[in-house]
Amino acid sequence: MQHVLEQQAGAADEPVGAAARRRTFAVISHPDAGKSTLTEALALHARAITKAGHVHGKAGRNATVSDWMEMEQARGISISSAVLQLTYRDTVLNLVDTPGHADFSEDTYRVLTAVDAAIMLVDASKGLEVQTMKLFAVCKHRGIPIITVINKWDRPGKDPLELMDEIAERTGLTPTPLSWPVGIAGDFRGVVERDSGEYVAFTPTAGGAQIAPEERMSPGAAAAREGDAWTVAREESQLLAASGAEHDQEMFLGGISTPVLFAAAVRNFGVRRLLDALVELAPAPSPRTDRQGEARPLDAPFSAFVFKLQAGMDTAHRDRLAYIRICSGVFERGMVVTTARTGRPFATKYAQQAFGRDRSLVEVAYPGDVVGLVNASNLRIGDTLHAGPPVQFPALPTFAPEHFAVARGVDTGRYKQFRRGITQLEAEGVVQVLRSDLRGEQAPVLAAVGPMQFEVAEGRMRAEFGAPIHLEPLGYGVARRTTPAWAPTLSAEWGVEVVLREDGELLALLPDQWRVRSIQRNHPDVVLEPLVAT
Ligand code: G4P
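Computed from a predicted model, the values in this text were never measured in an experiment. Each chain has its residues counted from 1, following the order in which its sequence is written. In keeping with the model being predicted, local features are shown solely for residues with a pLDDT of at least 70 and side-chain atom pairs are shown and tallied solely at 80 or more, while totals for entire chains, interfaces and linings include all residues.

Colleague: Break down the overall build of the protein chain for me, citing the residues and quoting the values.
Modeller: A run of H or I in DSSP counts as a helix once it spans at least four residues, and a run of E counts as a strand once it spans at least two, with each numbered from the N terminus. Per the secondary structure count, the protein chain includes 15 helices and 31 strands. Here the contacts in the protein chain between residues at least 6 apart in sequence split such that 71% fall between residues at least 24 apart. What counts as a contact is two residues whose backbone-derived C-beta atoms lie within 7 Å of each other.

Structure, rendered in C-alpha cells:
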C-alpha cells in the first residue's frame with residue numbers, strides 16, 4: 001500500500017497542487033440509511049489506497065479493524081473515526097467516518113471540523129431523520145457545503161418532488177438535483193442527467209458486488225425504451241428548472257443550495273455520479289484561518305490540528321493516537337514539529353495512515369489529508385502542530401450535550417487519581433465536565449453527546465487512572481447557555497440546574513424542550529440560548 005500516489009506523482013509534491021487534487025469529506029446520515037454500503041460502493045468505484053480503520057460499525061462485519069478496547073470488541077462497533085483514502089480521476093478522496101449508532105458521540109461532530117464538504121445520505125422511504133438533522137445543523141453552522149444523496153431508490157419510498165420539499169423545508173437549503181430518477185422509488189430504471197438531458201440506464205448486477213454497467217442514451221432512445229416513466233421524469237425535471245432548482249456552484253459553496261443525486265448504493269447505482277460530483281463540485285482544501293484571523297497559506301510550512309484522540313489502544317503503554325488534519329505544507333514522516341500550545345517538540349516517527357490492525361506508515365501527506373500520530377499522549381483535542389513560523393488554529397468547538405451523569409469515585413481514598421483522571425478526560429474532550437458549588441469537586445456532572453462517551457470515561461478511569469467511578473444518570477436532556485444574572489432564577493425552577501463548563505460557559509440543564517418553553521413563557525426575557533457549537 002506504499003503510497004501509490006507518490007509513485008504516480010514522483011517525489012514529494014508541492015502542497016498547493018496536491019491540495020487542489022484533494023477532497024476531504026464525511027457522510028452525514030441516520031443509522032441504516034446506507035452509509036457503510038455507500039462507502040463500500042465508493043471504494044469499489046475508486047481505487048482504495050488505504051482501507052483505514054474500517055468504516056463499518058456493525059457486528060458481524062469482518063471489516064472492523066480497530067479492536068483496541070474490550071467494549072469495542074464486545075459490541076462490534078468502532079469507537080474511533082477512521083479515514084478511507086481513495087483516488088478517483090487523479091483526485092485523492094479522504095472520507096472521514098462519522099461514527100453513528102451507539103457510538104454516536106462528540107467525536108462524530110468533531111469529525112465535521114476536519115472536512116471541507118459533506119454528503120447527506122437520505123433513505124428514500126424515511127426522508128430526513130434525527131441524526132442526519134443533528135449533523136446537518138453542525139455542517140450548516142460551520143458553512144460546510146452539502147451534496148445530498150437520496151439512497152435506496154430501488155425500494156418503495158417517497159415521491160421525489162415531496163422529498164425535495166422536505167429538504168427545502170427542514171434544512172432551508174434549495175435542492176438542485178443534478179440527476180432525476182426515471183421510475184418511482186422501487187422501480188429504479190435510471191436517471192436523467194439534468195445538464196445534458198441524457199438518460200443513464202442502470203443494469204443491476206448480481207448482489208451489487210460489481211460496478212453496475214451504465215448505458216447512456218439520447219432522450220429519443222430513452223423515450224422509446226422507458227415510455228411513461230421517461231415522460232414523467234422529463235416533466236418533473238422541467239418543473240424543477242422552472243422553479244429555479246438548477247445547480248449554481250457559488251450557492252452550493254455558500255451553503256444556500258444542495259446538489260441532489262439519486263442512488264441505490266447496494267446496487268452500485270449512482271455511485272460513479274457521486275464520485276464525479278465530489279471531484280467536480282466539492283471544494284478542495286483552502287487556507288485555514290488562525291486565531292489571529294490570518295489565513296495560513298497552503299504552501300506555508302506544515303501545520304495541522306488534532307480533531308480526535310484515541311486512547312487505550314495499548315493500555316500497557318498508555319498509547320494515544322492523535323488524528324490530525326493537515327492544513328498547510330507537506331507532512332513527512334519523521335519530521336519534528338512544534339505543539340503550539342506548549343511550544344514543545346513532537347516527533348512524528350510513527351505516523352500512520354491506516355488505523356487498527358492494518359496500520360501502514362504514512363511517509364508523506366498534504367493539506368486535506370488525515371494522519372494518525374502515535375505516542376501522542378501530550379496532545380489535546382484542538383492542538384495545533386506546526387513547522388516553521390508559529391501558528392495556532394482556533395480551539396475546536398464543543399457541542400450540545402444531551403446525556404448527563406454525576407461521577408463519583410468508588411474509592412474515596414483515591415481522590416487524587418479521580419481528580420487527575422477527570423481533568424485529563426476533560427482536556428481530551430472525552431466528556432464535558434460541568435461543575436457547581438452545590439455538587440462540589442468530588443461529584444462533577446459529566447455531559448456527553450452520546451452515552452458511549454460515558455462508557456469510555458468509565459473504562460479509562462478504571463484501567464488507566466486507577467480510580468473507578470460510579471455514574472449516576474441525571475434526568476436532563478437539554479443544555480442551554482445562560483448568564484450569571486439568570487442563574488438564581490433558573491436554579492429556583494423545578495427540574496433545572498445551573499452549572500459551569502470549563503470554557504467558562506454557564507449552562508442551564510433542563511429535562512426537555514417543553515421545560516425550556518415553559519420557562520420561556522414564565523420569564524419572557526430569560527437567556528436560554530441553544531448550543532449548536534461554540
Ligand atoms: P448504515 O451504515 O448507514 O447504518 O447502513 P448500512 O450501509 O449498514 O445499510 C443498512 C441496510 O440498508 C442494509 O441492509 C443495507 O444492505 C441496506 N441498503 C443500503 N443501501 C441500500 C440501497 O440502496 N437499497 C436497498 N434496497 N438497501 C440498501 P440490512 O438488511 O440491514 O443489512 P445487510 O444484511 O443487507 O447487510
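Colleague: Now, about the site of the ligand: what can you tell me, with residues and values included?
Modeller: The criterion for a residue being near a molecule or strand is simple: its C-beta atom, placed using the backbone, must lie within 6 Å of it. Around the ligand, the structure places 16 residues, and the nearest of them are Gly34, Lys35, Ser36, Thr37 and Val266. Top contributing element to the shell around the ligand by residue count: helix α3 (residues 35–45), with 3 residues. Classifying every residue of the shell around the ligand by side-chain character gives 5 nonpolar, 5 polar and 6 charged. Residues are sorted three ways: Asp, Glu, Lys and Arg are charged, Ala, Val, Leu, Ile, Met, Phe, Trp, Tyr, Cys and Pro are nonpolar, and all the rest, Gly among them, are polar.

Colleague: Lay out the sheet that holds strand β8 (residues 179–182) in plain terms, naming residues and giving numbers.
Modeller: Two strands form a pair only when DSSP identifies at least two bridges running between them. Spatially, 4 strands are ordered β8-β9-β10-β11 in an open sheet, and the strand pairing comes out antiparallel. Each edge of the sheet is formed by a strand with only one pairing partner; in this case those strands are β8 and β11 (214–217). Taken over all neighbouring pairs, the strand axes of this sheet differ in orientation by 25° on average, direction set aside. As paired strands, strand β9 (residues 190–193) and strand β10 (residues 199–202) are joined by 3 bridges and run antiparallel to one another. Within β10, the position partnered with Val191 by the bridge is Val200. Simply put, an axis is a line fit to the C-alpha atoms, just over the touching stretch for a helix, and the angle between two N-to-C directions goes from 0 to 180 degrees.

Colleague: I'd like a rundown of the confidence of the model for the protein chain, residues and numbers included.
Modeller: Per-residue confidence from the prediction method is given by pLDDT, with values spanning 0 to 100. Overall, the predicted model of the protein chain reaches an average pLDDT of 86, with 85% of residues at or above 70. Note that pLDDT drops below 50 for residues 1–10; the model gives that stretch 10 contacts with residues more than four away or on any other chain. Within the model, the stretch residues 49–81 combines pLDDT values under 50 with 93 contacts to residues more than four positions away or in other chains. Model confidence for the complex: the whole-complex pTM is 0.88, and ipTM, which rates the interface, is 0.97.

Colleague: I'd like a rundown of the packing of α3 against helix α11 (residues 271–280), residues and numbers included.
Modeller: The packing of two helices is summarised by the inter-axis angle and the distance between the axes. Viewed as axis vectors pointing N to C, α3 and α11 meet at an angle of 80°, and their least axial separation amounts to 9 Å. When the axis of α3 is compared with that of α11, the two are roughly perpendicular. Across the interface between the two elements, Ala41, Leu42 and His45 of α3 pack against Val271, Arg272 and Leu275 of α11. When its residues are assigned to classes, the contact of α3 with α11 shows 4 nonpolar, 1 polar and 1 charged. Roughly parallel covers angles under 35 degrees, roughly antiparallel covers those over 145, roughly perpendicular covers 65 to 115, and oblique covers all other angles.

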